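Summary of the model geometry
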Amino acid sequence: MAKGIFVHRTDSIYDDSPAERYQFPRQYLTRVSACIGDWIIYYEPSKIRDTRGYFAAAKVAHVVPDPTAKDMYVALIEPGTYLDFPNPVPFNGPLGLVERGVLNDEGKISGRAQSAVRPVSIEDFNRIIDLGLAEDDSFLPRIDQAGDTMLREDRTPFQFEIERDRVANLGSRLVRDRLFRRRVVEAYDARCAVTGLKLINGGGRAEVEAAHIRPVERGGPDIVTNGIALSGTIHWMFDRGLIGLGDDLEILVSRQANDPDSIRSLINKTGFAVPPQRPLERPHPAFLAWHREHCFKL
């Protein structure tokens, strides 16, 4: 097994869905196959406008021939492993190159940096993960003092080059939930998509919560397009199907709600959910459709 860098761009000609699959030509088959059972990092090229740089990690489960395209293959991502970085990592940041394996013997960027799929050393992998997952305590959940103590427990001293610690973080449900919340809260500027309210508590933390549109326990990924920022009460109603969303983000109120007028009074006056600031972070229609079919009460 080996770790790798997979280059992905939103305007790609390839049939990619980073949380599920990565399509690639035969020339990269050996490199991608080496990553089966191991973790990879997604990278968006620097020439892309508003590039996210190294923006997510995932684990490769299988590689199969693409039945729809000749000489093409698909890397299937292990369900539940995809994780957006709360901190996109630039290719060349304040501390220089983070992926130092692309340098040649003269210390210059080599042709390896142009490869859509390339191996990455443990040192570079750990460096990117550390930067991508660095936490900001201001985005911890709004919880009681006991819970706050649990999440703020003393951390062990940082140790370099320990691979298992990075992999453990990538798979930890506690860590993933915390990072998912931060990504979603930032995407919506700490504003509830349904009420339109942006409430910050006395400690400077956002009141809003991050809701999975398709729950993790039912196959939903930890990807920002499967999330929406909701206040506590709205989150409760959304999870119980009293509120749903159309593909155009129209807010739907269940006819089974015992007090629909009160629910409508909480909805912002447009009748549509407030979208995230970046269009690519907008809820994906596939997740919204799943919620309407499996959760929303008609």
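Along each chain, residues carry numbers from 1 onward, in the same order as the chain's sequence is written. Residue-level local features of this predicted model are given only where pLDDT is at least 70; pairs of side-chain atoms are given and counted only at 80 or more, and the full residue set underlies all totals for whole chains, interfaces and linings. The side-chain numbers reported here are obtained from all heavy atoms of the structure, hydrogens and water having been left aside.

The chain is annotated in an unreviewed UniProt entry as HNH endonuclease of Novosphingobium aerophilum.

**Observations regarding the overall build of the chain**
Scanning the chain from N- to C-terminus turns up eight helices and 13 strands. Partly exposed residues are those whose accessible area sits between 20% and 50% of the maximum for their type, while under 20% is buried and over 50% is exposed, using a 1.4 Å probe and protein chains only. Looking at the 298 residues of the chain, the share that counts as buried comes to 48%. Residue contacts are counted whenever heavy atoms from the two residues lie within 4.5 Å of one another. A separation of at least 24 residues holds for 66% of the contacts in the chain among residues at least 6 apart in sequence. The helix count covers DSSP runs of H or I at least four residues long, the strand count covers runs of E at least two residues long, and both are numbered beginning at the N terminus.

**Here we look at unusual backbone geometry**
With a phi close to 60 degrees, A190 is a non-glycine residue in the positive phi region. For A190, the location among the structural elements is in the loop between α5 (173-187) and β10 (209-212). Judged by relative accessible area, which is 9%, A190 ranks as buried. With phi around 70 degrees, L249 is a residue other than glycine that occupies positive phi space. Summarising the element assignment, L249 is placed in the loop between β12 (243-245) and β13 (251-253). Residue L249 is classed as buried on the basis of its relative accessible area, which comes to 3%.

**Things to note about the packing of aromatic side chains**
In this scheme Phe, Tyr and Trp rings, the latter by its six-membered ring, pair at centre separations within 6.5 Å, and the angle between planes marks the pair as stacked below 30 degrees, edge-to-face above 60, and tilted otherwise. A complete count under the given rule lists eight aromatic pairs for this structure. When the centroid spacing of 5.8 Å and the interplanar angle of 20 degrees are considered together, the rings of Y42 and F55 count as stacked. Placement of Y42 in strand β3 (residues 39-43) and of F55 in strand β4 (residues 54-65) is noted, with a sequence separation of 13 residues between them. On the accessibility criterion, F55 (3% relative accessible area) is buried. Three or more aromatic residues joined by ring pairs form one cluster here, namely F6, Y22, Y42, F55 and Y82. Only lysine NZ and arginine CZ atoms are considered, and such an atom sits over a ring when it is within 6 Å of the ring centre and within 35 degrees of the ring normal. Sitting over the face of the ring of F125, K3 holds its NZ or CZ atom 5.1 Å from the ring centroid. Its end group placed over the ring of F55, R52 keeps NZ or CZ at 3.9 Å from the ring centre.

**Overview of the pattern of salt bridges**
Criterion for a salt bridge: a side-chain nitrogen of Lys or Arg within 4 Å of a carboxyl oxygen of Asp or Glu. Counted by the stated rule, this structure contains 16 salt bridges. Among the ionic pairs, D38 bridges to K3, the shortest N-O distance being 2.9 Å. Of the two residues, D38 sits in the loop between α1 (29-33) and β3 while K3 sits in the segment before β1 (4-7), which places them 35 residues apart along the sequence. Each of the two residues, D38 as well as K3, counts as buried. Between R127 and D124 there is a salt bridge, with its nearest N and O atoms 2.6 Å apart. Here the residue R127 and the residue D124 both occupy positions in helix α2 (residues 122-132), the gap between them amounting to three residues, near one helical turn. Look at D124 and you get buried, because its relative accessible area is 4%.

**Some words on the nonpolar core**
Only buried Ala, Val, Leu, Ile, Met, Phe, Trp, Tyr and Cys residues count toward a nonpolar core, and they belong to the same one when joined by side-chain atoms within 4.5 Å. By size, the foremost hydrophobic cluster in this structure holds 53 residues, and its most contacted members are F6, Y42 and L230. A total of five residues in this core trace back to one element, the largest contributor, which is β4. Those domain boundaries reflect an automatic or database domain assignment. When residues of this core are assigned to domains, at least three fall in each of domain 1 (4-133) and domain 2 (173-295). Residues in contact with F6, not counting those within four places in the same chain, are Y22, V32, C35, I40, I41, Y42, Y43, V60, A75, A116 and V117. The next biggest cluster of nonpolar side chains, apart from the first, holds 23 residues, and it includes Y54, F91, V120 and L170.

**Quick notes on helix α8 (residues 285-294)**
If you check which residues of α8 are buried, you get F287, L288, A289, W290 and H291. As for α8, its buried residues are in contact with α6 (232-239) and β12.

**Notes on the pairing of β4**
Consecutive side chains of a regular strand alternate in pointing toward one face of the sheet and then the other. Only strands joined by at least two bridges in the DSSP assignment are considered to pair. As paired strands, β3 and β4 are joined by five bridges and run antiparallel to one another. Residue I40 lies in a different strand from β4, and its bridge partner there is A58. Both β4 and strand β5 (residues 72-77) contribute to a ladder of five bridges, which runs antiparallel. If you follow H62 over to β5, its bridge partner there is L76. Counting the residues in the hairpin turn of β4 and β5 gives six residues, including D71, whose phi is positive at 60 degrees.

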